[in-house]
Amino acid sequence: MTEFKEDSPTSAPALDTGLIKRKHPCVLCQQRKVKCDRNDPCANCTKARVQCISTSAMPPKRRKKRFPEAELLARLRRYEYHLKNYGADIEAINQETSPLPKDNSTKVLHVDNGERSLAIRRSLKNVESNLWSGVNDDFQDAQELLRASSDDEDFQNPIIQTYDALTSDGSDLLFHTEIARDLSSVHPSPMHIFRLWQTFLDNVNPLTKIVHAPTVQQQILDASGNLEQVPKKTQVLMFGIYSMAVNSMTNEECLSLLGEEKNPLLAKYQNGCRQALLQASFLRSSDLTVLQGFTLYLMSCLTFTIDPRALFMLTGMAIRMAQRIGLNFDGTTYQLKPFETEMRRRLWWQIIFLDSRVGEISGNGPSVLQHMWTTRLPLNVNDSDLFPDMKDPPVEHPGVTEMVFVLQRCEIIETLAQSKKATGAARVEDDFIAALEARLEEKYLKHCDPQIPLHYISVATAQIGIARLKVGSRYPNLFHIKDLVLPGPERDMLFELSLFQLEKHHELVTAAQLNKFHWYMLRNFPFPSQIYVLCELRNRPVGALADRAWDFLPRAYEHRAIIHGDKKFQKPMSYIFLAVANLTIKAWEAREAALLPFRPSIAPSIETLKQYLQERRSSKSTPATQSEGSPSNNLDSYSEQSADAYMWINQPPINPDLTFDPLPPMQNGMQIEDGMNWTFWNDYMQVPGTTPAFEFSGNTQGHGQFLRD
């Protein structure tokens, strides 16, 4: 170093100025990979007569960004999660040592935006193990990154846990009541639990197939042994089962088997179901069992224990819950387990049936048909072919299984949905109907034995459904064009199809072997067909079809009187029944006028009905007082709430001395639509001498307080 400094002309000034050593070598020494004395200037740069530049004066070098560990772990967890859902054995994959085969081809599964979130929208066995139900990609990514930020269990699901910590889920707006902490006292005794469960299996399950009977039976056995420790989701399902079981029984059966009247029992278990739903926080639940119980509760309310308009709104909530769980997408696309896939299908289609019926009686039409779904039909298998741990889907049976009733209804709804998708209208073309009719006959109906009750009601219900589709394909709206004059053959066909529905329904109601399914038939009365037949009889008082109709109508009224134990119409009547009765009498008067001077003999039931209306009309000429036939005061509020949608229920009093004729002669055919158009009823079904309240008898057995068939 001394010799170098002596030879260097710049060494003396460097020593004289007391140079400070730098912390880093200069750029030249670093590039040449030689030792730098770290002076300024350094000896190597001085000898080379170049400018000595410190690396600290250079702009920072861009270093290669390391992959964030948290993001990497989040991706790995997400990949493993989806691989498990596709059936991959992660443990076996981790133990493999052989290199992966090279494959340059890449398979891409395309899912459009409407279905994109289904890969993470899972409804597995419970909410706790399925926190990704119904969430989108951004939500999941944020949750994964937050989860990866710490190994603390408190941060495993931070967003969901934050939501769960909120004090309100909005359910108090719907069920404004204090939540009972313990529902064990609301449950029936274990003996009655088993009786209700057996009644459900006999009366309700064959027509709904909403639950897997062997699995639920074990859950009920476990729960009945300790009612204080029943899981919340199971409790919802149990009360839904109680409600539907009681709903399917007669008052006499309730007294015999359960020792209580039907109406108080039904109200008790429906209230218990509402309490159980609140305890389960059903509005933010993604649990399939909770939705099953909620659906059964809504089905039990079809007996007009709830205003149909309010029931329509509650059914919309069930649809939203189903969409959040992803029931509107078929599970096979995303490799769900066969058992789960099948139960999701069954529940989705029952919700469609429920929405269709509620939409009809509320006058709104089925809202679910406004949406599209990819959920396939349930398999034609028995419950014994299914078990939760099965790896492969069961093989469908040819012919008839326990699912025959549900499947034929599914086929009809699916045909309606496919036709709407193809044509853009809620009507079915003739070729669709013909194909459906042939398919139902080939797959199910020809294998049915009429001696078996389930087969009998399946065949008849399919025939009614086909007839209804044929009517709706030509006349989707009631009196849509009032000046339309239909050709004779068209009117004959429409009249005959409508009359066929009434006759077939009456056949089911009066069949002794179908007593256990009586609840279903009473709540699915073909009301539009009855109104059309009565209106059309004003225009065709005589003829073969008119004779056939007047042979049927008296028998229908007589059976109604037997069902309700009211042969002289002394019990309170709903305004709808009064309006239908009035149409019946007007149609009969038109027949009498057409057959003059040969006065036809009037059936006893029609004569009794006519006398009742005359007495009721004359009684309105005096100030109204509360009487045996008047409605109770607790229904006044219902009448006020119904006034806007059912204006024909509360018409102003009419002078009884004046001739009452609610319906001028029809010059056109009636058109049937999917949802009842209440504007039509406002115009054509006004009741003489109505009273201020909506008249219900309080007996919910007749699903038909709506019709009093």
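Residues numbered from 1 in each chain as written. Predicted model: local features only at pLDDT ≥ 70, side-chain atom pairs only at ≥ 80, totals over all residues. Heavy atoms only, no water.

Draft legend 1. Main features of the confidence of the model for the protein chain. Put simply, the protein chain has an average pLDDT of 74, and 67% of its residues get 70 or more. Taking the mean pLDDT of every element in the protein chain, the minimum, 29, falls on helix α26 (residues 636–642) and the maximum, 97, on helix α9 (residues 190–208). Here residues 1–17 is a poorly scored stretch, pLDDT under 50, and it has 8 contacts once near neighbours within four places are set aside; other chains count. The model gives residues 478–483 a pLDDT under 50, and that stretch makes 17 contacts with residues more than four places away or in other chains. (pLDDT = per-residue confidence, 0-100. Helix = DSSP H or I, 4+ residues; strand = E, 2+ residues; numbered from the N terminus. Contact = heavy atoms within 4.5 Å.)

Draft legend 2. Molecular detail of unusual backbone geometry. In the segment running from D40 into P41, the intervening peptide bond is cis, with an omega of 0°. Within the fold, P41 resides in the loop between α3 (27–32) and α4 (43–48). One non-glycine residue with positive phi stands out, namely R38, at about 65°. Relative to the helices and strands, R38 resides in the loop between α3 and α4. We note that K209 has phi near 50°; this positive angle belongs to a residue other than glycine. Along the polypeptide, K209 turns up in the loop between α9 and α10 (213–224). The class of K209 is buried, set by a relative accessible area of 3%. (Buried < 20%, exposed > 50% of the residue type's maximum accessible area, 1.4 Å probe, protein only.)

Draft legend 3. View of the pattern of salt bridges. Using the criterion set out here, one finds 24 salt bridges in the structure. One network of salt bridges, in which partners are shared, links K209, D330, E342, R345, R346, R376, D383 and E402. (Salt bridge = Lys/Arg side-chain N within 4 Å of Asp/Glu carboxyl O.)

Draft legend 4. Fine view of the environment of D182. Within the secondary structure layout, D182 lies in the loop between α8 (158–164) and α9. On the basis of relative accessible area, D182 is assigned to the partly exposed category, the value being 43%. For the pair D182 and Q279, spaced 97 residues apart in sequence, the C-alpha separation works out to 9.7 Å. A distance of 2.9 Å separates the side chain of D182 from the side chain of S184, its partner in a polar contact. (Polar contact = N/O pair within 3.5 Å; in protein donor to acceptor, adjacent residues only side chain to side chain.)

Draft legend 5. The arrangement of the packing of aromatic side chains in detail. Here the structure, examined in full by the defined rule, presents 10 aromatic pairs. Ring geometry for Y242 and Y269: centres 5.3 Å apart, planes at 55°, overall tilted. Here the residue Y242 occupies a position in helix α11 (residues 232–247), and Y269 occupies one in helix α13 (residues 262–279), the gap between them amounting to 27 residues. On the basis of relative accessible area, Y242 is assigned to the buried category, the value being 3%. (Phe/Tyr/Trp six-rings, centres within 6.5 Å; stacked < 30°, edge-to-face > 60°.)

Draft legend 6. Expanded view of helix α17 (residues 404–423). With 20 residues, α17 should reach 28 Å at 1.5 Å per residue; the first-to-last C-alpha distance of 29 Å fits that figure. Most of α17 sits out of view: 14 of its 20 residues are buried. Remark: G424 follows α17 within two positions and exhibits a positive phi of approximately 80°. (Expected span 1.5 Å × (residues − 1).)

Draft legend 7. Focus on the nonpolar core. Ranked by internal contacts, the top residues of the largest apolar core, which has 111 residues, are F200, L291, F294, W349 and I457. In terms of residue count, the dominant contributor to this core is helix α16 (residues 338–362) (11 residues). The contacts of L291, once residues within four sequence positions are left out, are A318, M321, A322, I325, L327, L347 and I351. L502, V533, L534 and F552 belong to the second largest nonpolar core, which has 38 residues in total. (Core = buried A, V, L, I, M, F, W, Y, C linked by side-chain atoms within 4.5 Å.)

Draft legend 8. Representation of the packing of helix α20 (residues 488–510) against helix α22 (residues 527–537). At a minimum axis distance of 9 Å, the contact between α20 and α22 shows a crossing angle of 130°. Here α20 lies oblique to α22, going by the angle between them. Where α20 crosses over α22, the handedness of that crossing is left-handed. Residues R491, L494, F495, S498, L499, Q501 and L502 of α20 form the contact with α22, whose own contacting residues are S529, Q530, Y532, V533, E536 and L537. In terms of residue class, the contact of α20 with α22 is built from 7 nonpolar, 4 polar and 2 charged. (Axes fitted to C-alpha atoms, helices over the stretch in contact; angles between N-to-C directions. Parallel < 35°, antiparallel > 145°, perpendicular 65-115°, else oblique. Left-handed = near helix turned anticlockwise from the far one by under 90°. Nonpolar A, V, L, I, M, F, W, Y, C, P; charged D, E, K, R; others polar.)

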